[in-house]
Amino acid sequence: MKILIVGGGLAGVCVAHEILRRDCQVTLIDSGINHSSAIAAGMINPMTFRKMVKTWMGDELIPFLREFYSDLEHKIGQQFFFERTIRRAFSTAHERELWLERERDEEYRNYIFPFSADDTPPYIHEEFGTGVVKCPGYIDAKTFLDANHTYLRRKGILRTEEFDFYQLDVDQSSYNGERFDAIVFAEGYRGGLNPFFQYLPLETTKGEVLTLNIQGLDTKEIVNRKCFILPTHNGVYKLGATFTWKTTDISLTEEANKELLGQYSDLIKKPFHVVDHEAGIRPTVADRRPLIGEHPKHKGIYIFNGMGTKGYMIAPYFARHFVEHLLDHHELLEEVSIVRFQKYFKEE
């Protein structure tokens, strides 16, 4: 098969590698603007702390992403996956009690370490203790994208240009006169402007992140409460992230800066120096599930989007799930298939 992917962020790159793994021909078109994929902290958190439960499909996602990213690092010759644990500072006594309940649950044995009241570092502000998650780590998002783009460009797969919808003939499944067996839109937040999938509830969520210099923090442990403080392999720390709904404005704001630094001061006792301030736009869906599938009218036109805030955890698994649907006609999971929003589609 011959497949065109539109969008070279995290989603498009993962799908491209899965298609290549199946020895199919693929072309990837990217505008060079990846506000979310390149700026994301790339943290892989297998827990949802609000209810102290495993993240959706964590048992399937975590083992898969470990193998996927390891294989990809070997393939392209660049490291971008770094192991870290997550230390959660409990917000309430109830959170601590939930954690202790999870400790007694066999299903959580591979997710959390046993609670200890004595192992919390002295630089953490905490009233109710902390717990440590056996987190896989984080992806250096910029390195991931730069290395993959270099690899795909060298293979003659990646073209850096703006996609022109006027050159798309959906009846012939062709773009700029070239025919394809399938055209996959993996455009991230820009997918909301796609004329074929505007009926889907894809929203834009702005996130701002600070980079800090901090002396004396554990360099292998992410700290979390209201914010995350992620030690990178470069020796600096990522502090994030804010949420501003329904906007594509990537301007940096003083409000976000104050919010993040306030959360830092409530959590950590160490002095810091701000090195950088960045913003990105995430593609999010109301039910927090990806948008995957074929257009209800135009056959051969697909969407792979909505990876959201946990994109670096979700995208690898569902890229393979999608490609198996595309090439082998495997049925998509109901939770990710765009068929769940069929009622919103109206014929042109």
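The structure this text deals with has already been given above.
Residues numbered from 1 in each chain as written. Predicted model: local features only at pLDDT ≥ 70, side-chain atom pairs only at ≥ 80, totals over all residues. Heavy atoms only, no water.

Caption draft 1: Quick look at the packing of aromatic side chains. A complete count under the given rule lists 26 aromatic pairs for this structure. Where Phe-163 meets Tyr-175, the ring centres are 4.3 Å apart and the plane angle is 15 degrees; that geometry is what we call stacked. Taken together, the residues Phe-163 in the loop between strand S10 (158–160) and strand S11 (168–169) and Tyr-175 in strand S12 (residues 174–175) connect sequence positions twelve residues apart. A single burial state applies to Phe-163 and to Tyr-175, both of which are buried. (Phe/Tyr/Trp six-rings, centres within 6.5 Å; stacked < 30°, edge-to-face > 60°. Helix = DSSP H or I, 4+ residues; strand = E, 2+ residues; numbered from the N terminus. Buried < 20%, exposed > 50% of the residue type's maximum accessible area, 1.4 Å probe, protein only.)

Caption draft 2: Broad picture of unusual backbone geometry. Of note, the bond from Gly-240 into Ala-241 is cis; its omega dihedral lies within 30 degrees of zero at -10 degrees. Mapped onto the secondary structure, Ala-241 falls in the loop between strand S18 (237–240) and strand S19 (244–245). The phi dihedral of Lys-226 is positive, around 70 degrees, even though this residue is not glycine. Tracing the backbone shows Lys-226 in the loop between strand S16 (221–225) and strand S17 (227–231).

Caption draft 3: Structural context of the sheet that holds strand S13 (residues 178–179). Spatially, S11-S12-S13 is the arrangement adopted by the three strands of the open sheet, whose pairing is antiparallel. Each edge of the open sheet carries a strand with a single partner, namely S11 and S13. (Pairing = 2+ DSSP bridges.)

Caption draft 4: Molecular detail of the nonpolar core. Counting 53 residues, the largest nonpolar core has Ile-5, Tyr-69, Phe-144, Phe-304, Phe-318 and Phe-322 as the members making the most contacts within it. Of all the secondary-structure elements, those providing two or more residues to this core are strand S1 (2–6), helix H1 (10–21), strand S2 (25–30), helix H2 (58–76), helix H4 (141–154), strand S14 (182–185), strand S22 (301–305) and helix H6 (311–328). The leading source of residues in this core is H6, at ten residues. Setting aside anything within four residues of it in sequence, one finds Phe-322 in contact with Val-15, Val-184, Ile-292, Tyr-302, Phe-304 and Leu-332. (Core = buried A, V, L, I, M, F, W, Y, C linked by side-chain atoms within 4.5 Å. Contact = heavy atoms within 4.5 Å.)

Caption draft 5: Representation of the pairing of strand S15 (residues 202–214) in the model. Of all the 13 residues making up S15, eleven are buried; the element is thus mostly covered by neighbouring parts of the structure. Across 13 bridges, S15 lies against strand S20 (residues 272–285) in antiparallel orientation. Among the inter-strand pairings, Lys-206 is bridged to a residue of S20, identified as Ile-281. Across two bridges, S15 lies against S19 in antiparallel orientation. When the bridges of S19 are listed, Lys-206 appears paired with Thr-244. For S15 and S18, the ladder comprises three bridges, and the chain directions are antiparallel. Counterpart to Leu-210 in the pairing with S18 is Leu-239.

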